[in-house]
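Observations on the model geometry
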Amino acid sequence: MTNSTSPGSKKFLIKTFGCQMNVYDSERMSELLGNEGYTPTENADEADLVILNTCHIREKAAEKVYSEVGRLRQAANARRAQGGETLIAVAGCVAQAEGPEIMRRAPAVNMVFGPQTYHRLPEMLAKAREAQTRGQAARVLDTDFPAEAKFDQLPKKRGVNGPAAFVTAQEGCDKFCTFCVVPYTRGAEVSRPVAAIEDEVRALIDSGVVEITLLGQNVNAYHGVDAAGQDVTLAGLVRRLARIDGLKRIRYTTSHPRDMTDDLIAAHGEIEKLMPYLHLPVQAGSDRILAAMNRKHTAESYLKLIERLKAARPDLALSGDFIVGFPGETEEDFQATLDLVKAVRYAQAYSFKYSPRPGTPAADMEQQVPEDEKSDRLARLQALLNQHQLEFNQASVGKTVPVLFERQGKHPGQLVGRSPWMQAVHVLAPDHAIGDLVHCKLLSAGANSLEGGLADRLAAA
C-alpha cells in the first residue's frame, strides 16, 4: 500500500499478524500516523517507523517476533549508515504479554505497546524521537490498560481502501478458556456505545463502504448502551445498523456458543442484510476435552445450537475453529471431533495444533500430547475439513448469487468478490464494478474459490 510521498515526509510500515482485530487495529494506527504526517511504504529499508502488530494465538508467536526484529535490525543498521534512523516497534498481543522481556531481549526494539494503548502512539513517538535528539537510546514501553476509552481518542474519519470494512464493537474476553491468552492481553469484555458504532458506520458508508463486519473477541457478548442509557445486545445493534441507508451487508465475528442468544438466532432469520455465514468456534468434539478447555458447552449442546440456527436460516453456512492435541486428548477424543465435523459439515474452518501459551492453565497440564501425534491428527482433520469445504463450493455451482466486488484479480479484466457465504468468487467484469453488488452465476468451484460470470451477460449470450 505504498503512497507517493512529499519531500522530507516520514514513512511507516506496519506488518500485521493474526486476527481481523489486528487488521482493524493496524488500519487505525495508520490513520493516527497519517495525522502525524507519516505516509505508508511497503519497503522496510526506507521506513522511519516499522510496527510489528503481533498475535499471540499462533504457535511460537514470540519467537517469530524476535526473528522479524532481527531482520529489521539489519535494515535499520544499513539505513543508519546512510544517515537515516528507523524506529522499530512491537505492538499487539505479544507486546502486551511479554513487553518487559521484549525490551530486555531485543535492544533494537524502540517501542513496545499493547492493543489497549495504540491510541497513544503519537505521544510514544514524540518520547522516542526526543530521546534520539538527546543522543539517548529510544526505549518506550506502554502496556497499561488505560482508563480513557481508546476509541474516543482515535481519528473520527477513517481511510478505507474498498467496499468492505471492519468495525470493532467489543473487545476483551471474560471466558478464560484454559488454552487462551486473550483475557490477559486484551483485558475484560468491553462494549462500545451504540452511537459510536453507528457514527463510524455512517462515516464508512460516506467513504464508499457497503459491507461491515462487526468485530470482537466475543462479539456476540456485546452489550452496548444507547442514547437513552438502555442496554443493547448484538442482535439489537444489528437491527439498528440494518436501518442505515447505504449499508447493504452486515457480518460479525468471532462468536462464542455461550453467547448465541435467542434474539440473535432470530435475527439471522429476520434481517436480510445479515449475511448467512457464521463463524462459531467449537474447538473440540469431546466433552471431556471441552471441559478441560473450560468452554462451558458440550458437543450435544453445540449441535443443538446449530439446529436452531439452521431452523431460523436454512441456508446458513458455518465456519469454525479447532485445536487438536490438547493436553490429555486421546484418539477416542479426537474421533469425537471428527464425528462433530461430519455432523456439521463446515463451509470453512481453521485448525491448529495445540501449543502452550505461557501463563495459561493448559500450559502446566500433564499429559501433553507428543508432536508427531498432534501432526498426524491435524493432517487427518484438515483433510476432512478441506473435503467439506470443496463439497460446499461445488454445491454452489449453478446458483446465481449477489457478489460484492472488492478488488482486481490476478488476471486482466478479472475482479474478485465475496458471495453471501464468504466464498471468494472470480469474475470477468469491468473495474468500475468494484464496490457493486452484482448478480453472478457460479460456474465452477475449487477448494478455496469459485469462478463465476455476470448473470446478465450469460443470459444474453
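Residues numbered from 1 in each chain as written. Predicted model: local features only at pLDDT ≥ 70, side-chain atom pairs only at ≥ 80, totals over all residues. Heavy atoms only, no water.

What to know about the pattern of salt bridges
Applying the stated criterion across every chain yields a total of 33 salt bridges. For Asp25, the salt bridge goes to Arg186, with nearest N and O atoms at 3.0 Å. One end of the pair, Asp25, is in helix α1 (residues 20-35); the other, Arg186, is in the loop between α5 (182-185) and β9 (190-191), and 161 residues separate them in sequence. With relative accessibility at 2%, the residue Asp25 sits in the buried group. (Salt bridge = Lys/Arg side-chain N within 4 Å of Asp/Glu carboxyl O. Helix = DSSP H or I, 4+ residues; strand = E, 2+ residues; numbered from the N terminus. Buried < 20%, exposed > 50% of the residue type's maximum accessible area, 1.4 Å probe, protein only.)

Some points on the nonpolar core
Counting residues in hydrophobic clusters, the biggest one holds 52 residues, and the most contacted among them are Ile212, Leu214, Leu237, Leu241 and Tyr346. Excluding residues that lie within four positions of it along the chain, Ile212 makes contacts with Ala165, Val167, Val201, Leu204, Leu241, Leu247, Arg249, Ile250 and Arg251. Ile14, Leu33, Met124 and Ala131 belong to the second-largest nonpolar core, a separate cluster that totals 26 residues. (Core = buried A, V, L, I, M, F, W, Y, C linked by side-chain atoms within 4.5 Å. Contact = heavy atoms within 4.5 Å.)

Overview of the sheet that holds strand β18 (residues 414-418)
Sheet strands associate in pairs through backbone hydrogen bonding, adopting either a parallel or an antiparallel arrangement. The sheet built from five strands closes into a barrel, its strands ordered β17-β18-β19-β21-β20 with mixed pairing. Neighbour to neighbour, the strand axes of the sheet diverge by 55° on average, direction disregarded. Of the strand pairs in this sheet, strand β19 (residues 424-428) and strand β21 (residues 449-454) are connected by four bridges, and their pairing is parallel. Counterpart to Val425 in the pairing with β21 is Leu450. Seen against the sheet, helix α12 (residues 371-396) touches β20 (437-445) and β21 and runs at an angle of roughly 120° to β20. (Pairing = 2+ DSSP bridges. Axes fitted to C-alpha atoms, helices over the stretch in contact; angles between N-to-C directions.)

A word on the packing of helix α7 (residues 234-242) against helix α8 (residues 262-270)
Remark: α7 packs on α8, axes separated minimally by 8 Å, with the N-to-C direction vectors making an angle of 30°. Considered as vectors, α7 and α8 are oriented roughly parallel to each other. Listed contacts from α8 to Leu234, Ala235 and Arg239 of α7 are Asp263, Leu264, Ala266, Ala267 and Glu270. By residue class, the composition of the contact of α7 with α8 is five nonpolar, no polar and three charged. (Parallel < 35°, antiparallel > 145°, perpendicular 65-115°, else oblique. Nonpolar A, V, L, I, M, F, W, Y, C, P; charged D, E, K, R; others polar.)

Fair warning: the whole summary comes from geometry, so function is off the table for now.
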